[in-house]
Amino acid sequence: QVQLMQSGGGLVQAGGSLRLSCAASGRTVGTHIMGWFRQAPGKEREFVAAIRWSDGYRLYGNSVKGRFTISRDNTKNTGYLQMSSLKPEDTAVYFCATGATTMRSTMRSGDFGYWGQGTQVTVSS
């Protein structure tokens with residue numbers, strides 16, 4: 001079992017920045033992939049970014065490329081999502097997830113077996 005605890009998020013003005021954290025505990029995530037998804041009211045869960053824990057290989061969703069950066073700290077078993085140049089359309093509940101073992105250009109929710117509790121990000125115009 002893996003437990004994921006998210007922190008960060010909140011309210012920010014358009015153009016601002018926020019950082020989300022996702023601390024993993026329990027079984028090691030060393031062989032897995034950590035991903036970030038978001039879900040806005042009335043919309044499907046959307047892939048944001050993913051990172052392969054072993055070598056740091058990264059993938060991003062098209063809507064966040066060039067603005068968001070995913071990273072991880074192996075020593076802390078913690079993943080991060082640095083969000084910059086935020087737009088009102090980035091407003092959503094953000095979830096971290098792990099347990100996936102194969103990277104693909106657009107990760108799917110079903111690829112992941114463990115999820116964080118979610119954190120609200122609100123970007124005001």
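Basis of the calculations
- Along each chain, the written sequence defines residue order, and numbers are assigned to residues from 1.
- Where totals are concerned, whole chains, interfaces and linings use all residues; where local detail is concerned, this predicted model gives features only for residues with pLDDT of at least 70, and gives and counts side-chain atom pairs only at 80 or more.
- Based on all heavy atoms of the structure, the side-chain values leave hydrogens and waters out of the count.
- Pairing of aromatic rings covers Phe, Tyr and Trp, the last through its six-membered ring, and needs centres within 6.5 Å; plane angles under 30 degrees mean stacked, over 60 mean edge-to-face, and all others mean tilted.
- Runs of E in the DSSP output that reach at least two residues are strands. Runs of H or I that reach at least four are helices, and both are numbered from the N terminus.
- Each residue gets one of three labels from its accessible area relative to the maximum for its type: buried under 20%, exposed over 50%, partly exposed in between, using a 1.4 Å probe on protein chains only.
- Look at NZ for Lys and CZ for Arg. If either is within 6 Å of the ring centre and within 35 degrees of the ring normal, a charge sits over the ring.

### Brief notes about the packing of aromatic side chains
Consideration 1: Counted according to the given criterion, the structure contains five aromatic pairs.
Consideration 2: Relative to Phe-47, the ring of Phe-37 has its centre 5.8 Å away and its plane inclined at 65 degrees; by these criteria the two rings are edge-to-face. You can see Phe-37 sitting in strand E4 (residues 33–39) and its partner Phe-47 sitting in strand E5 (residues 46–52), a full 10 residues away along the chain.
Consideration 3: On the basis of relative accessible area, Phe-37 is assigned to the buried category, the value being 1%.
Consideration 4: Given a relative accessible area of 7%, Phe-47 falls into the buried group.
Consideration 5: Their ring planes at 80 degrees and their centres at 5.4 Å tell us that Phe-37 and Phe-112 sit as a pair that is edge-to-face. Placement of the pair is Phe-37 in strand E4 and Phe-112 in the loop between strand E9 (92–100) and strand E10 (114–115), with a sequence separation of 75 residues.
Consideration 6: An aromatic cluster of three or more residues is present, and its members are Phe-37, Phe-47, Phe-95, Phe-112 and Trp-115.
Consideration 7: Residue placement shows Arg-45 over the ring face of Phe-95; its charged tip is 4.0 Å from the ring centre.
Consideration 8: The cationic tip of Arg-45 hangs over the ring face of Trp-115; the distance from NZ or CZ to the ring centre is 4.8 Å.

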